[in-house]
Protein chains: 6
Amino acid sequence: DFLQALDEVQPAFGVSEEELQQVVQNGIMRFAPHIDVILRDGALRVEQVRTSTRTPLVTALLHGPPGSGKTALAATMAMSSQFPFVKLVSPENMVGLSEPAKIAHLNKVFNDSYKSPLSCIVVDSVEKLVEWVPIGPRFSNGVLQALSVLLGKRPPKGRRLLVLATTSNRAMLQDMDLQQAFLAEMRVPAISSVRSVEHVLREVDLFNGDERAHQRCVQLLSHVGLRSSRDDGEEGAALDESGAPAKTVGIKKLLSEIEMARLDDDPADKLAAALQFM
Amino acid sequence: DFLQALDEVQPAFGVSEEELQQVVQNGIMRFAPHIDVILRDGALRVEQVRTSTRTPLVTALLHGPPGSGKTALAATMAMSSQFPFVKLVSPENMVGLSEPAKIAHLNKVFNDSYKSPLSCIVVDSVEKLVEWVPIGPRFSNGVLQALSVLLGKRPPKGRRLLVLATTSNRAMLQDMDLQQAFLAEMRVPAISSVRSVEHVLREVDLFNGDERAHQRCVQLLSHVGLRSSRDDGEEGAALDESGAPAKTVGIKKLLSEIEMARLDDDPADKLAAALQFM
Amino acid sequence: DFLQALDEVQPAFGVSEEELQQVVQNGIMRFAPHIDVILRDGALRVEQVRTSTRTPLVTALLHGPPGSGKTALAATMAMSSQFPFVKLVSPENMVGLSEPAKIAHLNKVFNDSYKSPLSCIVVDSVEKLVEWVPIGPRFSNGVLQALSVLLGKRPPKGRRLLVLATTSNRAMLQDMDLQQAFLAEMRVPAISSVRSVEHVLREVDLFNGDERAHQRCVQLLSHVGLRSSRDDGEEGAALDESGAPAKTVGIKKLLSEIEMARLDDDPADKLAAALQFM
Amino acid sequence: DFLQALDEVQPAFGVSEEELQQVVQNGIMRFAPHIDVILRDGALRVEQVRTSTRTPLVTALLHGPPGSGKTALAATMAMSSQFPFVKLVSPENMVGLSEPAKIAHLNKVFNDSYKSPLSCIVVDSVEKLVEWVPIGPRFSNGVLQALSVLLGKRPPKGRRLLVLATTSNRAMLQDMDLQQAFLAEMRVPAISSVRSVEHVLREVDLFNGDERAHQRCVQLLSHVGLRSSRDDGEEGAALDESGAPAKTVGIKKLLSEIEMARLDDDPADKLAAALQFM
Amino acid sequence: DFLQALDEVQPAFGVSEEELQQVVQNGIMRFAPHIDVILRDGALRVEQVRTSTRTPLVTALLHGPPGSGKTALAATMAMSSQFPFVKLVSPENMVGLSEPAKIAHLNKVFNDSYKSPLSCIVVDSVEKLVEWVPIGPRFSNGVLQALSVLLGKRPPKGRRLLVLATTSNRAMLQDMDLQQAFLAEMRVPAISSVRSVEHVLREVDLFNGDERAHQRCVQLLSHVGLRSSRDDGEEGAALDESGAPAKTVGIKKLLSEIEMARLDDDPADKLAAALQFM
Amino acid sequence: DFLQALDEVQPAFGVSEEELQQVVQNGIMRFAPHIDVILRDGALRVEQVRTSTRTPLVTALLHGPPGSGKTALAATMAMSSQFPFVKLVSPENMVGLSEPAKIAHLNKVFNDSYKSPLSCIVVDSVEKLVEWVPIGPRFSNGVLQALSVLLGKRPPKGRRLLVLATTSNRAMLQDMDLQQAFLAEMRVPAISSVRSVEHVLREVDLFNGDERAHQRCVQLLSHVGLRSSRDDGEEGAALDESGAPAKTVGIKKLLSEIEMARLDDDPADKLAAALQFM
Ligand SMILES: Nc1ncnc2c1ncn2[C@@H]1O[C@H](COP(=O)(O)OP(=O)(O)OP(=O)(O)O)[C@@H](O)[C@H]1O
Ligand SMILES: Nc1ncnc2c1ncn2[C@@H]1O[C@H](COP(=O)(O)OP(=O)(O)OP(=O)(O)O)[C@@H](O)[C@H]1O
Ligand SMILES: Nc1ncnc2c1ncn2[C@@H]1O[C@H](COP(=O)(O)OP(=O)(O)OP(=O)(O)O)[C@@H](O)[C@H]1O
Ligand SMILES: Nc1ncnc2c1ncn2[C@@H]1O[C@H](COP(=O)(O)OP(=O)(O)OP(=O)(O)O)[C@@H](O)[C@H]1O
Ligand SMILES: Nc1ncnc2c1ncn2[C@@H]1O[C@H](COP(=O)(O)OP(=O)(O)OP(=O)(O)O)[C@@H](O)[C@H]1O
Ligand SMILES: Nc1ncnc2c1ncn2[C@@H]1O[C@H](COP(=O)(O)OP(=O)(O)OP(=O)(O)O)[C@@H](O)[C@H]1O
Ligand SMILES: [Mg+2]
Ligand SMILES: [Mg+2]
Ligand SMILES: [Mg+2]
Ligand SMILES: [Mg+2]
Ligand SMILES: [Mg+2]
Ligand SMILES: [Mg+2]
């Protein structure tokens, strides 16, 4: 009845546009060059699936720290593919499902995709899909195996499929021999440079155009441990000027701290403090 | 039928005022400055949810030793939000439920909350909700995963949600990668200073206004290992004057010891003895 | 149908007098001063529940070695409370129940108690209730969690509850974080002094008033490793005169050995031999 | 339906004489003095249950190496009690039962026993009843717990019960805290002296009265590693003359080897060889 | 319905001749003296069961490396007993059965055997019956326990039973305390001498009577690591001339390699190469 | 109903040609001599099954690194056997099946094969069939045991069966004692020489006949760590010229990288870069 319920909401064959747009609620800000690199890479994979007859199945893994924007980026790539079948598989839609029901759902999405000549499936938060917890460790081997098999299963003749999966725990996938199921990988780093934060501040207009307030904030931010020289995603961006590992913050958390700061009398100070004690 | 029973008692949409008031049976005594800090922080989070469009979901974790007042504080914050949907999720209401029923209940509360424009959910005693026991260790991975997913699931467009969770075992949440699911944290320390105990003694009027008895009691208390100089929650309050870790007592246990002492011929002595041998 | 069967035997609301009396089959002998101390402590807890409005729930744990008399003492305290609702929860009544049925039974007893203004529940042999076995270790986490939650659940407004639990394995409760669920503890030691054994011998009249036989027996007992100087329960009673750990025997096993000896031609000798090789 | 089937075969209330006799197929041979000691001990326990009002429940454990005669001895004691209710609980009657059915069966036997004023239950091969296997280790905690509780459960007023349990793995019972559930223990050693074997040889008349053949056999046996000086069960019988651990053989296996030898041309030689290579 | 299906194929009471013959597809070749020793030993056990009244149950374990001929030998012994009830219990007939169904099947076979005055049961591949795997390790404790109990259960009065079990993993049986359930053991070694291979070559007529080809093959075989001096099964046959462990090959694999070689242009060379790289 | 569904799609008795052809989508390219060796070996096994009466069951294991072509090769061998019953057992057709259903499916395929005089079964990706994951480790012991038994089960009289299994984790099969169930093994190595890549490049015509571009590419490839001297599969092919382990790439991944490179402006460079960073 769960699957039935799903069916009622959206046709098996078609694009779950709304669902995908919801996970990109705050849009994609191009706060650093690597964002463009990732999006271009995604476009190339879309092209490969569309054109090559020898590789009807392409699977890619987007990995990076919590809140770095993986889901938003994968959803954006999927939507821009313009494929007739685009679908998001997310643990959020499976809360409370039994293991067999989860597997059945996964299986159904893949089987549905085989009915369309060109399809794209976003498999979000693989580590939650398999119910991973480091204590034990425990996880659903059933879901893991289903995923592993489906990621390697060629679509039937004449059908082509792009799978974009996301995870914040790539190490776990390696330990489980699941990482080798992907043909390609894309790293989505967290923000570690003042320049990126600055870009975001302007885009959300925290200071309502007050340039002095903005500059003061940037000044404060240069002391919280973020890199001030290079761009995010660049070679060596994991270290700050002194060679120590740079502080990082995911775009998701950064946006939340900014909104919290907005309520304060001194947003610049509040934001710097929040990043300081992260 | 369990969920049905729940429905009969209280409408899915609405405030479970009574339930919340019951967990604050002895009120909130402002025995130390940090109590006000915590309450102010809570009010700020309520404000963030009410006003910002970029952060429709805010999740905070109240953590501290057993009996330090976490549940009473979270319930108080929730009630003062005045949100149209306020709900307490507590292991006490789920005794005997199977794992799937617990997950279904959790899921239902969150789904119900999405129907209200502004909602607040108190998730009490996370370590008991997930049935944690350090031997093994064992726990319900199903409940844990459901919680982890629900804490990260954005409400639908136009809906906003504040989640206040409590735990006396923050270390366990870290080990389970669950702590990273919270956007904010609030520490609720136990009482470690004589000054706080004194405040409580006056508020519950243990000596019926007999000031000499009160002073004698305070005198006795200064030898049981509590701090006598600084306030609770202050920087450095974890150590006593000699630099040793200060003795601590949760407000919950303190109130019980006072009631026990009240029955004694010499309440001051009885209370000091109880705190001494804690 | 199990719970139904229980209902038929005894009304949910009321005192299970008979069941409680059965576990005190051989009465309470005041063979050492600490027995009175324990009983007085119990009476005080009864008073606290009866009178204080701030502590409607008091939970106490009686712990001590196997056969030291924990169950008999807890049952005696419960019966003397004269509360309208007094109930024994024992693994003996739950043999063969499934885990959910055990939890349902526990839950029902607590819920029944909330209907009475004053209630007392004896939870016997916690280590067996949770099906603890040191190999593995294994236990029923479901029962453990239910117990843990119920021991912390405040009765509804106007209701008051005293819970007396017993265990011969306090270390296990600590390992499981269950011990911290109790507001108070009472230690029930085994017999380690000749004086206590002597008291019991007279009370059960092993020698039918033959004082010389009695004296000879006491003489023999002074060589089996029991303490001959101090009383049980006194400070330092765990060691004998030479500083070695004193031999101990639970009152339950002592009564059995005496009955065995009674059948012998030379009861004094038989009893001494039995205690010697323990 | 299993329990129903059991009922049809034998009335719940009564003596399962036939079943008991079957396990003593080869009778009890008094091949060494300790056999009499064990039987006398058993008789004393029967007497204690019959006469003392203070110990309505007596539980004893017969333990010893595989095939040493534990089951035959326990069954013999039970049959000679002449109690109106005598029952054998054996894993052999429970092959293929689920864990709950096993527990239900155990529980039923004990409950049936409570209906008789005097009862005796033989619980055979406890290590198999609990499905113990040293790898893992694994076992049925459900059966273990049921047994542990039933062994401590006093029969109702006016009813008395003797429980005789057997095991070839006493160490396991200790590891499981189950051994402490017994009030008494009886050790059943294997045969380690030539004298005992000689006794058995005569009783089964291996040489059809041919005394010379018998003497030659005894001569041969004195070189296979059995003790030639002291009796079995005596102090120090575990070591042979040279102080090395003596060879031992259970009465069960000895009887089988004798029957095997009987088919041989030279029974004396065959038997000695069999014992040699054990 | 599975058991029902079994019933249809063969009557519960009777000999499953065909099934037994199938496992001896290639007959028993007397390629070395120990084969006769094993068969004579089996005949003796058959005799013991037929004649002795004191040992109505005899259980023997045939153990040896994979493919050494255990199943064929046990089946041959069983068929030559001429007992009215002869039955093969094999994992091959239980693929896909649930654990309870497997236990029920085992139990049924033993119970059926009790209806015949003389019975013989072959329990094949015990390690597979109990689903043993060294990783974990894991196995079916239910089947193990059932087997352990059934192997010790005396048939009812007047019934006699011979059980012949096989295993290629005797160490596992020891670790599981199952080996002690057998009254006797027979070792079935693999082939380690050229003489035995030679015997087999003649019997299957690999060279169609071409003696020179045969001699050349024997010549080649003397360099692949097999023993060239002593017979298999003899004292010291585990070592080759130089004292190193001799190469061994099971009769089953040897027969397969011979058939493979038969297809080759140069069978002698092919066979030697196959044995070389084993 | 799953099995029923299977039946509808393809008759139980017959060749699943289409399914087999699909897994050889890109054909078999003879890029190195060992490919021919493997195929010849397969043909020989087919012959053995067809002709010998002594070995009606032959089982072979194709093992090698991920993507080395195992499945395509096994399917090719099976199809060229021209046996009336040829069947592919693959985890891809069993996604979402319960363990009993998987076992039932396996069992059915083998039982179906017994109805044909000559049969060939391809058991693909054994490590996925048994749901192996190195964490824990976990796997389905039920499927493993079924496979182990079926691999050793002789077909009924007059029936012959060839089983070709594939795995990318031979070590796991060894740890599970499953490898010894195979009569033969075939190693399928990955590509490690420039010569093989060159062969593939020509066959897929990456440069549309532009020989200079091809030569430039070969030139570039000689610096990415592949061997430039010997052929794949040759003795010593695991090491490169300097004695270090050579870089390897599976034919499956190589074909995908080539298709990706085809989209690039400079395919030669792109391909070299891809192989460089592997
Ligand atoms: N350049 C960007 N890349 C990704 N997300 C961006 C970017 N700019 C803004 N965002 C916004 O930041 C948020 C990123 O959150 P998202 O859920 O995608 O992160 P995540 O890495 O998937 O987090 P988690 O680890 O919790 O799954 C979204 O609200 C998105 O609209
Ligand atoms: N300042 C205060 N903060 C919190 N609770 C207070 C305060 N003053 C008085 N109280 C009373 O103290 C008690 C605190 O108990 P509460 O159950 O909230 O503690 P807790 O930390 O949730 O305990 P646990 O760790 O067992 O869950 C309540 O009865 C509350 O009314
Ligand atoms: N002073 C005493 N305290 C407790 N029990 C006593 C005392 N005097 C006599 N008894 C008798 O001793 C027996 C004590 O047994 P009880 O079952 O209470 O012990 P226990 O500690 O609960 O044992 P277990 O550890 O097996 O649960 C009862 O029969 C009781 O009547
Ligand atoms: N003195 C004796 N004591 C016990 N059994 C004896 C004695 N003399 C002869 N027997 C016979 O020896 C056999 C003992 O076997 P029994 O099954 O009782 O041994 P066990 O120790 O229970 O074996 P297991 O360890 O396998 O359970 C019985 O057949 C019994 O008739
Ligand atoms: N002397 C012999 N002993 C046993 N088997 C022989 C002998 N000579 C020929 N054979 C043949 O060798 C084969 C032995 O295979 P069998 O299945 O009995 O071995 P196994 O040890 O049971 O193998 P596994 O370890 O796989 O169970 C049979 O086909 C049998 O006919
Ligand atoms: N010589 C060859 N051997 C095998 N496959 C080849 C060969 N030449 C080309 N191919 C193609 O390469 C691909 C090999 O993929 P295949 O799935 O068989 O690899 P695999 O080793 O089974 O992979 P996996 O480890 O993922 O199961 C197929 O598309 C096949 O058509
Ligand atoms: Mg995400
Ligand atoms: Mg709380
Ligand atoms: Mg007790
Ligand atoms: Mg026995
Ligand atoms: Mg075999
Ligand atoms: Mg493959």
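Residues numbered from 1 in each chain as written. Chains lettered and ligands numbered in written order. Predicted model: local features only at pLDDT ≥ 70, side-chain atom pairs only at ≥ 80, totals over all residues. Heavy atoms only, no water.

Q: Can you break down the relation of the copies chain F and chain E residue by residue, with the values?
A: With an RMSD of 0.0 Å, chain F superimposes on chain E once it is rotated by 60° and translated 0.1 Å along the axis. In the structure described here, the two chain copies are related by an operation that fits a six-fold rotation axis. Looking at the rotation axis and the C-alpha trace of chain F, the residue lying nearest is F:Gly136, at 8.5 Å. Comparing interface residues between copies, only 9% of those in chain F also sit at the interface in chain E, which points to a heterologous contact through distinct surfaces. (Least-squares fit on C-alpha atoms with pLDDT ≥ 70 in both. Contact = heavy atoms within 4.5 Å.)

Q: Hey, could you go over the packing of helix H9 (residues 194-204) of chain F against helix H10 (residues 211-221) of chain F for me, with residue numbers and the actual values?
A: Residue and element names in this part refer to chain F. Following both chains from N to C, one finds H9 and H10 inclined at 150°, their axes separated by 10 Å at the closest point. By the angle between their axes, H9 is roughly antiparallel relative to H10. Every pair of crossing elements has a handedness; the one defined by H9 and H10 is right-handed. In this structure, H9 uses Val194, Val197, Glu198, Leu201 and Arg202 to contact H10, whose residues at the interface are Glu211, His214, Gln215, Cys217, Val218 and Leu221. Class assignment for the residues of the contact of H9 with H10 results in six nonpolar, two polar and three charged. (Axes fitted to C-alpha atoms, helices over the stretch in contact; angles between N-to-C directions. Helix = DSSP H or I, 4+ residues; strand = E, 2+ residues; numbered from the N terminus. Parallel < 35°, antiparallel > 145°, perpendicular 65-115°, else oblique. Left-handed = near helix turned anticlockwise from the far one by under 90°. Nonpolar A, V, L, I, M, F, W, Y, C, P; charged D, E, K, R; others polar.)

Q: How would you explain the site of ligand 6 if you had to name every residue and give the values?
A: The environment of ligand 6 is made up of 20 residues, and the closest members are F:Gly27, F:Met29, F:Gly69, F:Lys70 and F:Thr71. Around ligand 6, the nearby residues trace back to chains A and F. Contacts to ligand 6 include F:Asn26, whose backbone N or O atom sits 3.0 Å from an oxygen atom. One of the side-chain nitrogen or oxygen atoms of F:Lys70 is found 2.7 Å away from an oxygen atom of ligand 6. A total of 630 Å² of accessible area belongs to ligand 6 in isolation, and the protein chains cover 93% of it. Of all elements in the fold, only helix H4 (70-81) and helix H11 (251-262) of chain F reach the threshold of two or more residues within the shell around ligand 6. In terms of residue count, the dominant contributor to the shell around ligand 6 is H4(F) (four residues). A breakdown of the residues in the shell around ligand 6 according to their chemical character gives 10 nonpolar, seven polar and three charged. (Near = heavy atom within 4 Å. Polar contact = N/O pair within 3.5 Å; in protein donor to acceptor, adjacent residues only side chain to side chain. Areas by Shrake-Rupley, 256 points an atom, 1.4 Å probe, with all protein chains shown as cover.)

Q: Describe the site of ligand 2, with residues and values.
A: Among the 20 residues in the neighbourhood of ligand 2, the closest are listed as B:Gly27, B:Met29, B:Gly69, B:Lys70 and B:Thr71. Of the chains in the model, those with residues near ligand 2 are chains B and C. In the environment of ligand 2, an oxygen atom lies 2.7 Å from a nitrogen or oxygen atom belonging to the backbone of B:Gly27. With respect to ligand 2, the backbone of B:Met29 contributes an N or O atom lying 2.7 Å from a nitrogen atom. Here ligand 2 loses 93% of its free accessible area of 630 Å² to cover by the protein chains. Residue assignment for the shell around ligand 2 shows that the elements contributing at least two residues are helix H4 (70-81) and helix H11 (251-262) of chain B. Tallying contributions element by element places H4(B) first for the shell around ligand 2, with four residues. For the shell around ligand 2, the per-class residue count stands at 10 nonpolar, seven polar and three charged. Each of domain 1 (2-187) and domain 2 (194-276) of chain B gives at least three residues to the shell around ligand 2. (Domains from an automatic or database assignment.)

Q: Run through the pattern of salt bridges, naming residues and quoting values.
A: Residue and element names in this part refer to chain E. Going through the model one piece at a time under the given rule, you end up with 66 salt bridges over all chains. For Arg30, the salt bridge is made with Asp36, and the minimal N-O distance between the two is 2.2 Å. Ionic pairing is found between Lys108 and Asp112, a salt bridge with its closest N-O pair at 2.8 Å. Here Lys108 pairs with Asp112, and both are found in helix H5 (residues 99-113), just four residues apart, close to one helical turn. The class of Asp112 is buried, set by a relative accessible area of 9%. (Salt bridge = Lys/Arg side-chain N within 4 Å of Asp/Glu carboxyl O. Buried < 20%, exposed > 50% of the residue type's maximum accessible area, 1.4 Å probe, protein only.)

Q: Pulling in residues and values, what's your account of the sheet that holds strand E1 (residues 57-63) of chain B?
A: Residue and element names in this part refer to chain B. Strand order in the open sheet made by the five strands is E2-E3-E4-E1-E5, with parallel pairing throughout. Each of the sheet's edge strands pairs with one partner strand only, and the pair in question is strand E2 (85-89) and strand E5 (184-187). Averaged over all pairs of adjacent strands, the angle between strand axes in this sheet comes to 15°, irrespective of strand direction. Relative to E5, E1 runs parallel, the two being bridged by four bridges. Counted as the bridge partner of Ala60 is Ala184 from E5. Contacts between helix H3 (residues 33-51) and the sheet are confined to E1, strand E3 (118-123), strand E4 (160-167) and E5, with E4 contributing the most and set at about 150° to the helix. (Pairing = 2+ DSSP bridges.)

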